[in-house]
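# Per-entry structural report
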Amino acid sequence: MVTKGLRLGQKHNKLGKETTMKKFTCREMSGEMNCGCDFVLEGEKAMDIAMKSHAHVMATTDEAHKPMREQMTIKTKHSEEEQKKWWTWFNAKWDKKKTGINGMHKQNYKN
Ligand SMILES: [Zn+2]
């Protein structure tokens, strides 16, 4: 995946401290569905990204996001078990993801 649109300066905040923000693309969030777009979501917590991803996908109307919209819509009706499964998946991705610019490298999540 390309990393266009990222600025190197984003790695450090005004105090010169490295931020703990992590970045995921919309497509990464789609997991095995491998759809969505290259929109970048960032946050300090897994929950932040999950919320932003949800808001972003639910605001779309195109075909690229359709599988994700459907999953999110269905998910609300799903059992607690299903939600836990999703969080387990996402937290594993979150832990592997590095903070800052290096975190944008394409990761293989097909296994
Ligand atoms: Zn998107």
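Right above here is the structure, for reference.
Conventions we followed
- Within each chain, residue numbers correspond to sequence positions counted from 1 in written order.
- With pLDDT at 70 or above as the cut-off, local features in this predicted model cover only qualifying residues; side-chain atom pairs require 80 or more to be listed or tallied, and sums for whole chains, interfaces and linings still use all residues.
- We count a stretch as a helix when DSSP gives it H or I for four or more residues in a row; a strand needs E for two or more, and each element gets its number in order from the N terminus.
- The burial criterion counts other C-beta atoms lying within 10 Å of a residue's C-beta, which is placed from the backbone; the residue is buried at 20 or more, exposed at 12 or fewer, and partly exposed between these limits.
- By the criterion used throughout, residues are in contact when their C-beta atoms, derived from the backbone, lie within 7 Å.
- To estimate the expected span of a helix, count its residues, drop one, and scale the result by 1.5 Å.
- Picture the helix axis, draw a direction to every C-beta atom, and the arc is the one those directions span.
- For the purposes of this analysis, a nonpolar core is taken to be any set of buried Ala, Val, Leu, Ile, Met, Phe, Trp, Tyr and Cys residues that are connected through C-beta atoms within 7 Å.
- One bridge is not enough; two strands pair if DSSP finds at least two bridges between them.

## Overview of the overall build of the protein chain
Of regular secondary structure, the protein chain possesses four helices and two strands. Moving toward the C terminus, one meets the helices and strands of the protein chain in the order β-α-β-α-α-α. Considering the protein chain as a whole, with its 111 residues, one finds that 14% of them fall into the buried category. For the protein chain, contacts bridging at least 24 residues in sequence account for 48% of all contacts bridging at least 6.

## Here we look at unusual backbone geometry
For N34, which is not glycine, the phi torsion reads 45 degrees and is therefore positive. Assignment of secondary structure puts N34 in the loop between α1 (26-29) and β2 (40-43). Given 11 C-beta atoms within 10 Å, N34 falls into the exposed group.

## Re helix α2 (residues 46-58)
Compared with an ideal rise of 1.5 Å per residue, which puts 13 residues at 18 Å, α2 spans 18 Å between its outermost C-alpha atoms and is within 8% of the ideal. For α2, every residue scored as buried is listed here: I49, S53 and V57. Along α2, the residues classed as buried sweep out an arc of 55 degrees about the axis, all on the same side. Turned more than 90 degrees away from the buried face of α2 sit M47 and A55, all of them exposed.

## Looking at the nonpolar core
Soluble globular proteins tend to pack their nonpolar side chains together in the buried interior. Counting five residues, the largest nonpolar core is built from F24, C26, M29, L41 and I49. Beyond its immediate stretch of four places on either side in the chain, F24 contacts M29, L41, I49 and K97.

## Some remarks on helix α4 (residues 80-96)
Since there are 3.6 residues in each turn of an α-helix, residues three or four apart along the chain are aligned in direction. Compared with the 24 Å implied by 1.5 Å per residue over 17 residues, the 24 Å span of α4 between its first and last C-alpha is a close match. Burial of α4 is sparse: only zero of the 17 residues sit out of reach of the surface.

## Topic: the pairing of strand β1 (residues 22-25)
The alternating pattern of β1 places K22 and F24 and K23 and T25 on opposite faces, both of which are buried. Of the pairings in the sheet, the one linking β1 to β2 comprises four bridges and is antiparallel in character. Residue K23 lies in a different strand from β2, and its bridge partner there is E42.

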